[in-house]
Number of protein chains: 2
Amino acid sequence: MAIQDNRIKIAFVDDHPLITQGLKTLLERDDQLDIVGLFDNGASFLEFIVGHEVDVVLLDIGLPDINGMELCKQIKTENPGVVIILLSNHTERSIILQTMQNGANGYLLKNASLPKLKEAIFKAIAGQIVYSEEVSQILSQPSQKQLQGIPKLTKREMEILQFIAEGKTSGQIAAELYLSVLTVDTHRKNLMQKLEVKNAAELIRAAVQHQLLS
Amino acid sequence: MAIQDNRIKIAFVDDHPLITQGLKTLLERDDQLDIVGLFDNGASFLEFIVGHEVDVVLLDIGLPDINGMELCKQIKTENPGVVIILLSNHTERSIILQTMQNGANGYLLKNASLPKLKEAIFKAIAGQIVYSEEVSQILSQPSQKQLQGIPKLTKREMEILQFIAEGKTSGQIAAELYLSVLTVDTHRKNLMQKLEVKNAAELIRAAVQHQLLS
DNA sequence: TTATTTCTACCTAGTTTTAGGTATTTTGGG
DNA sequence: CCCAAAATACCTAAAACTAGGTAGAAATAA
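Residues numbered from 1 in each chain as written. Chains lettered and ligands numbered in written order. Predicted model: local features only at pLDDT ≥ 70, side-chain atom pairs only at ≥ 80, totals over all residues. Heavy atoms only, no water.

### A closer look at the interface of chain A and chain B
Alright, step 1. Contacts between chain A and chain B engage 40 residues on the former and 41 residues on the latter.
Alright, step 2. Linking chain A with chain B are 0 salt bridges.
Alright, step 3. Taken together, the links from chain A to chain B amount to 11 residue pairs in polar contact (both at pLDDT 80 or more).
Alright, step 4. Among the secondary structure elements, those contributing two or more residues to the side of chain A that touches chain B are α3 (68-78), α4 (93-101), α6 (133-139), α7 (155-165) and α10 (200-209) of chain A.
Alright, step 5. Among the elements that make up the side of chain A that touches chain B, the one with the highest residue count is α10 of chain A (6 residues). (Contact = heavy atoms within 4.5 Å. Salt bridge = Lys/Arg side-chain N within 4 Å of Asp/Glu carboxyl O. Polar contact = N/O pair within 3.5 Å; in protein donor to acceptor, adjacent residues only side chain to side chain. Helix = DSSP H or I, 4+ residues; strand = E, 2+ residues; numbered from the N terminus.)

### A closer look at the protein's contact with DNA strand D
Alright, step 1. As a structural note, the neighbourhood of DNA strand D is formed by 18 residues, with Lys189 and Ala200 of chain A together with Thr154, Arg156 and Ser180 of chain B the closest of them.
Alright, step 2. Interatomic distance of 3.0 Å between a backbone N/O atom of Ser170 of chain A and a phosphate oxygen of DNA strand D.
Alright, step 3. At 3.0 Å from a phosphate oxygen of DNA strand D is found a side-chain nitrogen or oxygen belonging to Thr183 of chain B.
Alright, step 4. Considering only residue class, the surface near DNA strand D consists of 4 nonpolar, 8 polar and 6 charged. (Near = heavy atom within 4 Å. Nonpolar A, V, L, I, M, F, W, Y, C, P; charged D, E, K, R; others polar.)

### Here's the deal with the sheet that holds strand β4 (residues 83-88) of chain B
All names here are of chain B.
Alright, step 1. The strand order across the open sheet formed by 6 strands is β2-β1-β3-β4-β5-β6, and the pairing between neighbours is parallel. At either margin of the open sheet sits one strand with a lone partner, and together these are β2 (33-39) and β6 (130-131).
Alright, step 2. Against the sheet, helix α2 (residues 42-51) touches β1 (8-13), β2 and β3 (56-59), its axis set at about 130° to β2. (Pairing = 2+ DSSP bridges. Axes fitted to C-alpha atoms, helices over the stretch in contact; angles between N-to-C directions.)

### Some words on the relation of the copies chain A and chain B
Alright, step 1. In the superposition of chain A on chain B (RMSD 0.1 Å, axial shift 0.1 Å), the rotation amounts to 180°. Taken together, the turn and the small shift mark the pair as related by a two-fold rotation axis. Considering only C-alpha atoms, the part of chain A nearest the rotation axis is Ala201 of chain A, at 2.1 Å.
Alright, step 2. The residues that chain A uses at the interface reappear at the interface of chain B in 100% of cases, marking a shared surface. (Least-squares fit on C-alpha atoms with pLDDT ≥ 70 in both.)

### Brief notes about the pattern of salt bridges
Residue and element names in this part refer to chain A.
Alright, step 1. The final tally for this structure, using the stated rule, is 26 salt bridges over all chains.
Alright, step 2. The salt bridge partner of Lys116 is Glu133, with a shortest N-O separation of 3.0 Å. Within this pair, whereas Lys116 is found in helix α5 (residues 114-125), its partner Glu133 is found in helix α6, the two being separated by 17 residues in sequence.
Alright, step 3. A relative accessible area of 40% places Lys116 in the partly exposed class.
Alright, step 4. Glu159 serves as the salt-bridge partner of Arg156, at 3.0 Å between the closest nitrogen and oxygen. Of the two residues, Arg156 and Glu159 are both situated in helix α7; the distance of 3 residues between them amounts to about one turn of the helix.
Alright, step 5. Glu159 gets classed as partly exposed once you look at its relative accessible area, which sits at 31%.
Alright, step 6. Each of Asp14, Asp60 and Lys110 takes part in one network of salt bridges that share partners. (Buried < 20%, exposed > 50% of the residue type's maximum accessible area, 1.4 Å probe, protein only.)

### Thoughts on the protein's contact with DNA strand C
Alright, step 1. Neighbouring residues of DNA strand C: 18 residues in total, closest Thr154, Arg156 and Ser180 of chain A together with Lys189 and Ala200 of chain B.
Alright, step 2. Protein-proximal atoms of DNA strand C, defined as those within 4 Å of the protein, fall in sugar or phosphate at a share of 65%.
Alright, step 3. Thr186 of chain A has a polar side-chain atom sitting 3.2 Å from a base nitrogen of DNA strand C.
Alright, step 4. Between DNA strand C and the protein, one listed contact pairs a base oxygen with a side-chain N or O atom of Lys189 of chain B at 2.5 Å.
Alright, step 5. Mapped onto the surface near DNA strand C, the elements with two or more residues apiece are α7 and α9 (181-194) of chain A together with α9 (181-194) of chain B.
Alright, step 6. Residues of the surface near DNA strand C, tallied by class, amount to 4 nonpolar, 8 polar and 6 charged.

### Observations regarding the sheet that holds strand β1 (residues 8-13) of chain A
Residues and elements named next belong to chain A.
Alright, step 1. Strands sit in the order β2-β1-β3-β4-β5-β6 across an open sheet of 6 strands; the sheet is parallel. The sheet is open, and its two borders are formed by β2 (33-39) and β6 (130-131), each paired with just one other strand.
Alright, step 2. Of the strands in this sheet, β1, β2, β3 (56-59) and β4 (83-88) are in contact with helix α1 (residues 17-28), which crosses β2 at around 170°.
Alright, step 3. The sheet contacts of α4 involve β4, β5 (106-109) and β6, and relative to β5 the element is tilted by about 150°.

### A look at the pairing of β1 of chain B
Residue and element names in this part refer to chain B.
Alright, step 1. Counting buried positions along β1 gives 6 out of 6 residues, so the element sits mostly inside the fold.
Alright, step 2. Neither face of β1 is exposed, since Ile8, Ile10 and Phe12 on one face and Lys9, Ala11 and Val13 on the opposite face are all buried.
Alright, step 3. Here β1 runs beside β2; their pairing, made up of 6 bridges, is parallel. Residue Ile10 lies in a different strand from β2, and its bridge partner there is Ile35.
Alright, step 4. Note on the crossover from β1 through helix α1 (residues 17-28) to β2: the handedness is right-handed.
Alright, step 5. Of the strand pairs in this sheet, β1 and β3 are connected by 4 bridges, and their pairing is parallel. Across the sheet, the residue bridging to Ile10 is Val56, located in β3. (Right-handed = clockwise from strand over helix to strand, strands pointing away.)

### Details of the UniProt feature "modified residue: 4-aspartylphosphate" (unreviewed entry) in chain A
Residue and element names in this part refer to chain A.
Alright, step 1. With numbering matched to this structure, UniProt assigns "modified residue: 4-aspartylphosphate" (unreviewed entry) to Asp60.
Alright, step 2. Of note, Asp60 is situated in the loop between β3 and α3.
Alright, step 3. Once residues lying within four places of it in the same chain are set aside, the contact partners of Asp60 are Val13, Asp14, Asp15, Gly68, Leu86, Leu87, Ser88 and Lys110. (UniProt positions renumbered as here; feature names shortened; annotations may be inferred.)

### Regarding the confidence of the model for chain A
Low pLDDT means the predicted atomic positions in that stretch should not be read closely.
Alright, step 1. The predicted model of chain A averages 92 in pLDDT, with 96% of residues at 70 or higher.
Alright, step 2. Least confident of the elements in chain A is α1 of chain A, whose mean pLDDT is 88; most confident is α7 of chain A, at 98. (pLDDT = per-residue confidence, 0-100.)

### Quick look at the packing of aromatic side chains
Residues and elements named next belong to chain A.
Alright, step 1. Counted by the stated rule, this structure contains 7 aromatic pairs over all chains.
Alright, step 2. Aromatic side chains Phe39 and Phe45 sit 5.2 Å apart centroid to centroid with 70° between the ring planes, which places their arrangement in the edge-to-face category. One exposure class covers both Phe39 and Phe45, and it is buried.
Alright, step 3. An aromatic cluster of at least three residues, connected via ring pairs, comprises Phe39, Phe45 and Phe48. (Phe/Tyr/Trp six-rings, centres within 6.5 Å; stacked < 30°, edge-to-face > 60°.)

Here it is in structure tokens:
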């Protein structure tokens, strides 16, 4: 143990002890892997990582103190070189996408086999983003929800939508575009009608969902 | 030509003729691949796909008539089985993520080598999501922009934020939560202060950027 | 060159939000 | 038990938004 080794240093963060213990035992058999820590909450891991070197974090989403996706983001911010693989049971597309948004290097479902997990670890270290088959499948199918009823906005409406999203009032928008406030209000009304919403707040939410905002 | 074959049927949609022509020539040399069409705009491809079988679409983002991401979504909706690989020069993280959101099976930069492209095609058909190295690199680094200044919201504030995003008025929220309207307004104010925005519309946009909304 | 859409602008009046505070009561940790 | 944070509630007045129209000019597509 006193010898310096170049095994892959792995940490688990998962509040399900059966999972972590089991995985630890299984992975430890591989002499390329070194399990450097098990954590059942995000805070203790964040403390740990300050003083210790970690190559790969296997992360669950459902942690008691902090959301796994949020934790992923934090780890990456402090420690960009660390490879983070989500190990989760969640199959919701939006959750998977959100982990990607937070810089995760991979997403596996917990039913993944041991060889698959090892393969994923090695691939991720090599720079790849890794998904298990089911996850790839889920990702490759855009959610129907956001697809239906794509309202067509005119150029002007898009422009004004942008301004609204930036928190500008009708008056400010009118001034910037050399329009009457009344005109801007008309566009506002039409936007809300097209997206079938009741006010500006809901308008922005709908616009985001339809990817109408940069 | 009259013989039925099981080569992979590939279509290009890219308005840069040099790219498509060159790639066509290169890929045609592989007798597992069958280039069934070149298109320089989205509309003509959408017509084509109605009557023809296509296994893989190589898609550019900058098309004259329709945004490539939008096209991706449409193709997938009509034709879920088709594999779509984006071939693009865009390295912005948000763009890559958006293509993923739209169900793309892969994203390669145009500087990818021919072997890499072929490999990507085969992997994607096998069900994997494929990224080129640079893309993986970009994805694994969360954008700093959205990370700074994560304001902590209280439980109640989160709750009310949700309602605001749903287009509810302070009155409606108050009624649902058995609160005074004045209280809801106070929470509103605090929310806007914490996220440093001027009104409800901007509040929702900021909340989305900080991933505070489901 | 029509026909249609888009953009522009207006009216009225009610509703809602926002800004600037203050202040009491719960709640949750330590 | 005590303290800090959170949640509740209030006041006033201005500003902004929303709903329900109508309608002429300008741009675009057929």
